[in-house]
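# Structural overview
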Amino acid sequence: MSEKSKKDLKTLLSSDKARIIFIVVGLCAIVLIFLSSRTNSKTEESVPKNFDTESYKITMTNEILQMVESVEGTGRSKVMLTLENSYEYVYLDDDKTLRKVNEPTIRGVVVACEGGDKALVTAKVTELISTVLNIPSNKVCVTKLT
């Protein structure tokens, strides 16, 4: 920095007008930080909309169907999904603050596809569903579509 710049900066910082501006800007920054932290805590405490288990089941069924039909050799397919339970709400000790929402547990999946009589297709579809849904392969049934 040159001497002239240092002198100009020193003059600017020593004026009362500049001090007031810096104080006001600093206070505004503190208020904004405080307000942003209050907004985040309100979001965590708010009660979410009710989750619809039937919509979840339909969405998952459609996504599985798309994945199954993308496997070579499956052909036209149908998927049925069964659920163990519905959404589970987990609250903190005060019973007012929602901590998290657990999705329904998938009980099993049945796939009927044109290629369901071929061992390779059955194995691929079973592995795909087992991996995607993180369920054991004995909860997946693949059969030939009639």
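Residues numbered from 1 in each chain as written. Predicted model: local features only at pLDDT ≥ 70, side-chain atom pairs only at ≥ 80, totals over all residues. Heavy atoms only, no water.

## Topic: the overall build of the protein
- When helices and strands are tallied, the protein shows four helices and five strands.
- Secondary structure elements in the protein, listed N-terminal to C-terminal, are α-α-α-β-β-β-β-α-β.
- Partitioning the contacts of the protein with sequence separation of at least 6, the portion at a separation of at least 24 is 61%.
- Carbon and sulfur atoms form 58% of the exposed surface of the protein, whose accessible area is close to 10800 Å². (Helix = DSSP H or I, 4+ residues; strand = E, 2+ residues; numbered from the N terminus. Contact = heavy atoms within 4.5 Å. Areas by Shrake-Rupley, 256 points an atom, 1.4 Å probe, with all protein chains shown as cover.)

## Observations concerning the nonpolar core
- Core analysis: the largest hydrophobic core is formed by 21 residues, its most contacted members being Val109, Val111, Ile129 and Leu133.
- Where this core is concerned, the elements lending two or more residues are helix 3 (53–69), strand 1 (77–83), strand 4 (106–113), helix 4 (119–133) and strand 5 (140–144).
- Per element, the largest residue contribution to this core is five residues, and it comes from helix 4.
- Those residues in contact with leucine 133, other than ones at most four positions away along the chain, are Met60, Ile64, Leu81, Ile106 and Val109. (Core = buried A, V, L, I, M, F, W, Y, C linked by side-chain atoms within 4.5 Å. Buried < 20%, exposed > 50% of the residue type's maximum accessible area, 1.4 Å probe, protein only.)

## Remarks on unusual backbone geometry
- We note that aspartate 95 has phi near 60°; this positive angle belongs to a residue other than glycine.
- Tracing the backbone shows aspartate 95 in the loop between strand 2 (88–91) and strand 3 (98–102).
- Assessed through its relative accessible area of 63%, aspartate 95 is described here as exposed.
- Its identity as a non-glycine residue notwithstanding, asparagine 134 has a phi of 55°, on the positive side.
- Tracing the sequence through the fold places asparagine 134 in the loop between helix 4 and strand 5.

## Overview of the pattern of salt bridges
- Applying the stated criterion to the full structure yields two salt bridges.
- As a salt-bridge pair, arginine 76 and glutamate 114 come within 3.5 Å of each other at their nearest N and O atoms. Highlighted residues: arginine 76 in the loop between helix 3 and strand 1 and glutamate 114 in the loop between strand 4 and helix 4, separated in sequence by 38 residues.
- Under the relative-accessibility criterion, arginine 76 is labelled partly exposed at 46%.
- We classify glutamate 114 as partly exposed; its relative accessible area is 35%.
- Glutamate 84 is the partner of arginine 107 in a salt bridge, and the nearest nitrogen-oxygen pair spans 3.5 Å. Within this pair, whereas arginine 107 is found in strand 4, its partner glutamate 84 is found in the loop between strand 1 and strand 2, the two being separated by 23 residues in sequence.
- Accessibility expressed as a relative area gives 44% for glutamate 84, which makes it partly exposed. (Salt bridge = Lys/Arg side-chain N within 4 Å of Asp/Glu carboxyl O.)

## Section: the packing of aromatic side chains
- Scanning all chains against the criterion turns up one aromatic pair.
- Judged by centre distance (5.8 Å) and plane angle (70°), the rings of tyrosine 56 and tyrosine 87 are edge-to-face. One end of the pair, tyrosine 56, is in helix 3; the other, tyrosine 87, is in the loop between strand 1 and strand 2, and 31 residues separate them in sequence.
- On the basis of relative accessibility, which here comes to 10%, the residue tyrosine 56 falls in the buried class. (Phe/Tyr/Trp six-rings, centres within 6.5 Å; stacked < 30°, edge-to-face > 60°.)

## Here's the deal with helix 3
- With 17 residues, helix 3 extends 24 Å from end C-alpha to end C-alpha; this agrees with the ideal 24 Å at 1.5 Å per step.
- For helix 3, the complete set of buried residues consists of Tyr56, Met60, Thr61, Ile64 and Val68. Axial view of helix 3: buried residues confined to an arc of 130°, hence all on one face.
- Of the residues that open helix 3, the one with a side-chain oxygen 3.3 Å from the backbone nitrogen of glutamate 54 is aspartate 52. (Expected span 1.5 Å × (residues − 1). Arc of directions from axis to C-beta. Polar contact = N/O pair within 3.5 Å; in protein donor to acceptor, adjacent residues only side chain to side chain.)

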